[in-house]
Amino acid sequence: MVDTETSRQQAPLSLPAAPRNPGDQTATVSDRDEVVARPERTSPLGLEQYIAGRMLVSGDSPAWTDLFVKVYSRLMNQEPFLVPAVAEPLIVWVISGEAVVEERDLDGDWVANTVSAGDFFLTRSPTPYQMRWRAIGDAPFQVMHLYLSVPLFERVAYDVLGCSAPPALRDISGSKDTQLSHLLALIHQELTSEGKGSQLFVQGLAQSLAVHLIRNYAASEAADDRQNALPGFKLRRAFAYLEEHLAEPFNLVQLAETVGMSEFHFSRLFKKATGLSPSRYFIRQRVARAQLLLQETGTSIIEIGMSVGYSSPSHFAQVFRRETGLPPSHYRQG
């Protein structure tokens, strides 16, 4: 199993003014931005109103009390949309197709994962985030959304950990987990069976799934109220890496690998720790280095710009003025 340890990912309601054709696979959620108010939190049922696509099957019988499960055929190309936070743990399992899925915190950096059948996303995000994707190839992009009921999750957490409140779960984006996939495949099989599921069997699968999530994806016990703000030693390692590579293009993948985290998870925690996205912090550090060189050396402005990664003098001047309010030449004189 490869644990990408990410947020999101990472995922209400006012209804659209007019109903949408359920078979329409060309319209996007962005078409409804003007008529749908996007709340910061929603329910599993409500969340589905914000993601375009066609529902193929749903677990609606009494057997599915502890699980909210639906299978969808999604758009081949999905424009960016806001995913409200949901209290229930959410698993999105790719059933067929392949796609480049991108996620980001609001005003953060887009983080891409290429996913295919068997990959999954896990999130219990307390805050909204954005998502978009682009399917690869001609196979339909189909996914199963599965939510565990909060009461079940709390009961299992008490039995497994002896805690009165369930643990936070780590965000996972586009990872594989053989045991989890086996449980999800059994759930999908039961969902699509002629009898629409045995209540006893579904309850057993739901409990097994909750145990698996708590054992394998519970956040560190050291998690605080800031939802696992980036540990100090990892933050210092990230700062050092950025300082050493100011003259090079920003590389989120390498930065996240340096601290041993996935891009999405790292980006979320870095912003919580600093108030800035990694790319925004990187720009601030470049400008701070340039300010120091302008004040303390006689190096030409062109050379200073190049030393902090800007080969174009006009681009350097534009960024510097945006961050400081002055062009480099006036800053040096002042």
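Residues numbered from 1 in each chain as written. Predicted model: local features only at pLDDT ≥ 70, side-chain atom pairs only at ≥ 80, totals over all residues. Heavy atoms only, no water.

Colleague: Let's hear about the sheet that holds strand 4 (residues 77-83): which residues, and what values?
Modeller: Strand order in the open sheet formed by four strands is 4-10-7-8, and the pairing between neighbours is antiparallel. Bordering the open sheet on either side are strand 4 and strand 8 (111-116), each of which pairs with just one other strand. Ignoring which end each strand starts from, the neighbouring axes of this sheet average 20° apart. With eight bridges joining them, strand 7 (residues 98-105) and strand 10 (residues 129-136) adopt antiparallel strand pairing. In the strand pairing of strand 10, Glu 102 is matched with Arg 132. (Pairing = 2+ DSSP bridges. Helix = DSSP H or I, 4+ residues; strand = E, 2+ residues; numbered from the N terminus. Axes fitted to C-alpha atoms, helices over the stretch in contact; angles between N-to-C directions.)

Colleague: Describe the packing of aromatic side chains, with residues and values.
Modeller: Per the stated rule, a full pass over the model turns up 13 aromatic pairs. Measuring from centroid to centroid gives 5.5 Å for Phe 270 and Tyr 281, while their planes differ by 80°, and the two rings are edge-to-face. In this pair, Phe 270 sits in helix 7 (residues 263-274) while Tyr 281 sits in helix 8 (residues 278-296), placing the two residues 11 residues apart along the sequence. Both residues of the pair, Phe 270 and Tyr 281, belong to the buried class. (Phe/Tyr/Trp six-rings, centres within 6.5 Å; stacked < 30°, edge-to-face > 60°. Buried < 20%, exposed > 50% of the residue type's maximum accessible area, 1.4 Å probe, protein only.)

Colleague: Explain the sheet that holds strand 9 (residues 120-123) to me, using residue names and the numbers behind them.
Modeller: Pairing is antiparallel in the open sheet, where six strands are placed in the order 2-3-11-6-9-12. The open sheet terminates on both sides in strands that have one partner only, identified here as strand 2 (53-58) and strand 12 (172-175). Taken over all neighbouring pairs, the strand axes of this sheet differ in orientation by 20° on average, direction set aside. Sheet topology places strand 6 (residues 90-96) next to strand 9; four bridges connect them, and they run antiparallel. Note on strand 9: the bridge partner recorded for Trp 93 is Phe 120. Here helix 4 (residues 199-217) sits on the sheet in contact with strand 3 (67-74), strand 6, strand 9, strand 11 (142-148) and strand 12, set at roughly 85° to strand 11. (Contact = heavy atoms within 4.5 Å.)

Colleague: I'd like to hear about the packing of helix 5 (residues 232-244) against helix 7, residue by residue, with values.
Modeller: Where helix 5 contacts helix 7, the axes come no closer than 11 Å and their chain directions differ by 95°. Judged on the interaxial angle alone, helix 7 and helix 5 are roughly perpendicular. Side by side, helix 5 and helix 7 meet where Leu 235, Ala 238, Phe 239 and Leu 242 of the first sit next to Phe 266, Phe 270, Ala 273 and Thr 274 of the second. Taken together, the residues that form the contact of helix 5 with helix 7 break down as seven nonpolar, one polar and no charged. (Parallel < 35°, antiparallel > 145°, perpendicular 65-115°, else oblique. Nonpolar A, V, L, I, M, F, W, Y, C, P; charged D, E, K, R; others polar.)

Colleague: So what's going on with the pattern of salt bridges? Residues and values would help.
Modeller: One pass over the structure, following the stated rule, counts nine salt bridges. A salt bridge links Arg 268 to Asp 105; the shortest N-O distance between them is 2.8 Å. Of this pair, Arg 268 sits in helix 7 while Asp 105 is found in strand 7, placing the two residues 163 residues apart along the sequence. Side by side, Arg 268 and Asp 105 carry an identical accessibility label, which is buried. For the salt bridge of Arg 280 with Glu 323, the shortest nitrogen-to-oxygen distance reads 2.9 Å. Of this pair, Arg 280 sits in helix 8 while Glu 323 is found in helix 10 (residues 313-324), placing the two residues 43 residues apart along the sequence. With a relative accessible area of 28%, Arg 280 lands in the partly exposed category. Beyond isolated ion pairs, a larger network of salt bridges with shared partners links Arg 280, Arg 284, Arg 322 and Glu 323. (Salt bridge = Lys/Arg side-chain N within 4 Å of Asp/Glu carboxyl O.)

Colleague: Lay out the confidence of the model for the protein chain in plain terms, naming residues and giving numbers.
Modeller: With 80% of its residues at a pLDDT of 70 or more, the protein chain has an overall mean of 80. Within the protein chain, no element has a lower average pLDDT than helix 1 (residues 44-47), which sits at 65, and none a higher one than helix 9 (residues 301-307), at 94. Here residues 1-37 is a poorly scored stretch, pLDDT under 50, and it has 121 contacts once near neighbours within four places are set aside; other chains count. Low confidence marks residues 221-227, where pLDDT is under 50. Its contacts with residues over four positions away, or in another chain, come to eight contacts. (pLDDT = per-residue confidence, 0-100.)

Colleague: How would you summarise the side chain of His 212 if you had to cite specific residues and measurements?
Modeller: Structurally, the position occupied by His 212 is in helix 4. Classification of His 212 as buried rests on a relative accessible area of 5%. Apart from the residues within four sequence positions on either side, His 212 is in contact with Asp 177, Gln 179, Leu 180, Leu 183 and Tyr 217.

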